[in-house]
Amino acid sequence: MTPATRQEVLGLYRKILQIAKNWQSASGQIEETMREKEYIRNEARTLFRKNKNVTDPKLIKQCIEECEARIEIGLHYNIPYPRPIHLPPLGLAHKQGRTLRHQEKLRKFSKPIYLKSHDEVS
């Protein structure tokens, strides 16, 4: 990892911790705010530790993009949890009789960037 990339990653981590510190839930309830703050810190800690040994520059860039996307979506919607995607069952396969395995492959490729690592951790 280059020093510039390292600084970028550490800056994102600090930004997430700052967001968690200043977070206010949409409902305004203290208990919910505390749960959401704790979720933000735990999610960041888990994902950053999981990816600490990544050395491939393309994979590092993908992780950074995912982090930035999740930050922007969380701040925009004021929801710290990843937004689910809604795909109809078997809605991606063509009518020429594709197999279920191909359908699962299409679903994997259609997953938004901000959910790439969520299923691996949850």
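Residues numbered from 1 in each chain as written. Predicted model: local features only at pLDDT ≥ 70, side-chain atom pairs only at ≥ 80, totals over all residues. Heavy atoms only, no water.

An unreviewed UniProt entry lists the protein chain under the name LYRM1 protein, with Edolisoma coerulescens as the source organism. Entered under Sequence similarities (unreviewed entry) in the UniProt record, the comment concerning the protein chain runs "Belongs to the complex I LYR family." (UniProt positions renumbered as here; feature names shortened; annotations may be inferred.)

1. A short note on the pattern of salt bridges
Summed over all chains, the structure comprises three salt bridges. A salt bridge links Glu65 to Lys61; its shortest N-O distance comes to 3.5 Å. Of the two residues, Glu65 and Lys61 both sit in helix H3 (residues 57–77), four residues apart, roughly one turn of that helix. The class for Glu65 is partly exposed, based on a relative accessible area of 33%. (Salt bridge = Lys/Arg side-chain N within 4 Å of Asp/Glu carboxyl O. Helix = DSSP H or I, 4+ residues; strand = E, 2+ residues; numbered from the N terminus. Buried < 20%, exposed > 50% of the residue type's maximum accessible area, 1.4 Å probe, protein only.)

2. Brief notes about the layout of surface pockets
Taken as a whole, the largest pocket encloses approximately 740 Å³ of empty space. Along the wall of the largest pocket there are 35 residues; nearest its centre are Ile16, Ala44, Leu47, Phe48 and Cys67. Among the elements of the structure, helix H1 (3–22), helix H2 (30–50) and H3 are those that each provide at least two residues to the lining of the largest pocket. Looking at the lining of the largest pocket, the element that brings in the most residues is H3, giving ten residues. (1 Å grid on protein atoms, 1.4 Å probe; cavity = no way out; pocket = protein on both sides within 12 Å on 5 of 7 lines; lining within 4 Å. Points joined across faces, edges and corners; volume = space filled by probe spheres on them.)

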